[in-house]
Amino acid sequence: MTDERRNGDNVNDHQLSELAQQLRVDSVRAAAAAGSGHPTSSMSAAELAAVLFARHFRYDFARPEHPGNDRFVLSKGHASPLMYSVYKAVGAIDDEELLTFRKLGSRLEGHPTPRRLPWVETATGSLGQGLPVGVGIALAGKRLDRTGYRVWVLCGDSELAEGSVWEAAEQAGYENLDNLVAIVDVNRLGQRGETRHGHDLDAYARRFRAFGWHVVEVHDGHDVDAVDRAYAEALSTAGQPTVIVARTLKGKGVAATEDKEGLHGKPVKDADEAIEELGGIRDLRIEVHQPEDAPEPHRAAAGHLQLPRHEIGEEAATRDAFGEALAALGGARGDVVALDGEVGDSTRAEYFAKEHPERYFECYIAEQQLIADAVGLASRGWVPYASTFAAFLTRAHDFVRMAAISGSGLNVVGSHAGVAIGQDGPSQMGLEDLAMFRSVHGSTVLYPCDANQTAKLVATMADLDGIRYLRTSRGKDPVIYGPDEEFPVGGSKVLRSSDEDRITLVAAGVTVHQALAAADALEGQGIRARVIDLYSVKPVDRATLQEAAERTGCLVTVEDHHEEGGLGDAVLDAFTDGRPVPRLVRLAVRTMPGSATPEEQLHAAGIDAESIAAAARLLVEHAVAP
């Protein structure tokens, strides 16, 4: 058949089978044209995709922003040829573009991303992330948007070995997300051989049932009628999410590839022969069901922003200021949501929860799901603030990395950073977080030192792009800025300076207060020190640092963080334009901390006022030595 256009319910089973064959053929063709790709992983799910898009999916491809659109997530992102073949079948792309797959400048990347294609909800390819983000999208639909869309997630069986999948499964069951359908393509074969459970559908079914899902087993995932009935059952299920566990064959339809090991990630060897075996090239077209009319997604009423105000000299913790500012921002902006990893009483996210409970998401001790929920919510236009201890965000780094690939706008807040938390010991100390977030593409990294600075930066973050990270501290420190001070991203504050400065102390967060004390001590010894609060760790204030280097010639950086990748490296970045690098000493946490008071911890790490002053004196003495 050629040039046939059918609307879902008018497409008979034979035509669905033909559509599935077309998706297989086009997957083979796309991979052959690219010389790489995953056609066999695409071929196994052809009927699953054909029946979904021809009969059950509701979407306006001309209006991907339509509030009533269903949402589709290809969790097995390597099966992108299948997705792109669907786009051709619905008329979103043409055959010429299909064959640009994986080529320079093409929108059709090896793994789909929303930066290139408006119909892609989230970047996938790091397996085990599609379902978690799908849960976040479903949460937005059920609890916030209120427009009635459904979220469909196509998973591979290999990725179900990832723990993040089961974090997602548990949350979906707990939240009764009956607007979420997971489709598991159980094709038995992973990259290097058989998966852990092979074709044992019950092994997967038992696990999902344990998390409160309705399970539909399809013992022949290539039977379009069986697949159709499974989708209908999912649509009629209320009160719990549904998973369809379908037995399929990798490389289905071609004798040389069907259920064969060793072919993962490789184009079909003889593409022309395979296409002929699959019945040849087709040009079937389908009309996807249009979404129902839906109102614009619900948003809470907005008001006037009144950030908390603290008096200079007052003792306050930046984590407290974060909680207060976030609650105030929630009152001023109806698109702000907060998520926390069961430490809201410590991060102070609970302040938001008390004032805006309908926009607060408790993710429990599941940091991967915490970030995945935030990505899902952001994809629906919400402005998420996700918080937990800075140390625990290391668990979620891959989700942050993939969020950047998606172009997601996330605000991530890590509290209890550094050795300054004191007696809890090293397992609770975030000492890698600045490096982790500085390394993320397009990220912003902020580290305030007092309450008023924190409040202003919390509000500023809401309107930034990309991944935004704010580091907060546990202990109380003096407020040094007035409530009307401004803190532009990419800026810094020069807290002490004179024409007689012989050295510059560069600090952020808790070490700002130590640097100020060190400057006082140095002045008493006849050494004038410039002090810079480098609250914007990325982007860094190059101009101010370069001027300080020119005026003083010597810099000391001090940070409550490991020496790799943090404040010291950020300062060095200001001198990568070929100009001379100043004499520089970097003070950081170089030993493994134990349990001690905050003051003892800072001293043991060599980042307290006494240590800063000693390093500065030594650097100045060497600078003037003959």
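You'll find the structure just up there.
Residues numbered from 1 in each chain as written. Predicted model: local features only at pLDDT ≥ 70, side-chain atom pairs only at ≥ 80, totals over all residues. Heavy atoms only, no water.

1. A few points about the overall build of the protein chain
For step 1, the next point in the chain: Each helix and strand in the protein chain was counted, giving 22 helices and 21 strands.
For step 2, the next point in the chain: Its C-alpha atoms give the protein chain a radius of gyration of 28 Å, near enough to 25 Å, the size a compact globule of 626 residues would have.
For step 3, the next point in the chain: Taking the principal axes of the C-alpha coordinates as reference, the protein chain spans close to 90 × 50 × 40 Å.
For step 4, the next point in the chain: Sorting the 626 residues of the protein chain into buried and exposed places 62% on the buried side.
For step 5, the next point in the chain: Only carbon and sulfur atoms are counted for the fraction: they give 47% of the accessible area of the protein chain, which is about 22500 Å².
For step 6, the next point in the chain: On the protein chain, the mean spot of the 63 positive side-chain charges and the mean spot of the 94 negative ones are 2 Å from each other. (Helix = DSSP H or I, 4+ residues; strand = E, 2+ residues; numbered from the N terminus. Rg over C-alpha atoms; globule rule 2.2 N^0.38 Å. Buried < 20%, exposed > 50% of the residue type's maximum accessible area, 1.4 Å probe, protein only. Areas by Shrake-Rupley, 256 points an atom, 1.4 Å probe, with all protein chains shown as cover. Lys, Arg positive; Asp, Glu negative; His and termini not counted. Charge placed at Lys NZ, Arg CZ, Asp CG, Glu CD.)

2. Points about a negative patch on the surface
For step 1, the next point in the chain: Taken together, Asp270, Asp272, Glu273, Glu276 and Glu277 make up a surface patch of like negative charges.
For step 2, the next point in the chain: Along the chain, Glu273 falls in helix α10 (residues 271–277). (Patch = residues over 30% accessible without salt bridge, like charges linked within 9 Å, V, L, I, M, F, W, Y side chains within 5 Å. Salt bridge = Lys/Arg side-chain N within 4 Å of Asp/Glu carboxyl O.)

3. Brief notes about helix α17 (residues 451–461)
For step 1, the next point in the chain: The element α17 is largely enclosed, with a buried count of 10 among its 11 residues.
For step 2, the next point in the chain: Residues of α17 that are buried include every one of Ala451, Asn452, Gln453, Thr454, Ala455, Lys456, Leu457, Val458, Ala459 and Met461, and no others.
For step 3, the next point in the chain: Backbone nitrogen of Asn452 and a side-chain oxygen of the N-cap are separated by 3.4 Å at the start of α17; the cap is Asp450. (Polar contact = N/O pair within 3.5 Å; in protein donor to acceptor, adjacent residues only side chain to side chain.)

4. Some points on the packing of aromatic side chains
For step 1, the next point in the chain: One pass over the full model with this rule turns up 19 aromatic pairs.
For step 2, the next point in the chain: Ring geometry for Phe53 versus Phe57: centroids 4.8 Å apart, planes at 55°, classification tilted.
For step 3, the next point in the chain: Counting every residue linked through ring pairs, the aromatic cluster contains Phe53, Phe57, Tyr59, Phe61, Phe72, Tyr84, Tyr87, Phe101 and Trp119.
For step 4, the next point in the chain: A cation over an aromatic ring shows up here: Arg299 above the ring of Trp382, its NZ or CZ 3.7 Å from the ring centre.
For step 5, the next point in the chain: Lying over the aromatic face of Phe487, Lys493 brings its terminal NZ or CZ to 5.3 Å of the ring centre. (Phe/Tyr/Trp six-rings, centres within 6.5 Å; stacked < 30°, edge-to-face > 60°. Lys NZ or Arg CZ within 6 Å of the ring centre and 35° of its normal.)

5. So, the layout of surface pockets
For step 1, the next point in the chain: Of the voids in this model, the largest pocket is the one considered here, and its volume is about 320 Å³.
For step 2, the next point in the chain: With 3 residues, the top contributor of residues to the lining of the largest pocket is helix α14 (residues 367–379).
For step 3, the next point in the chain: Class assignment of the residues belonging to the lining of the largest pocket gives a composition of 9 nonpolar, 6 polar and 6 charged. (1 Å grid on protein atoms, 1.4 Å probe; cavity = no way out; pocket = protein on both sides within 12 Å on 5 of 7 lines; lining within 4 Å. Points joined across faces, edges and corners; volume = space filled by probe spheres on them. Nonpolar A, V, L, I, M, F, W, Y, C, P; charged D, E, K, R; others polar.)

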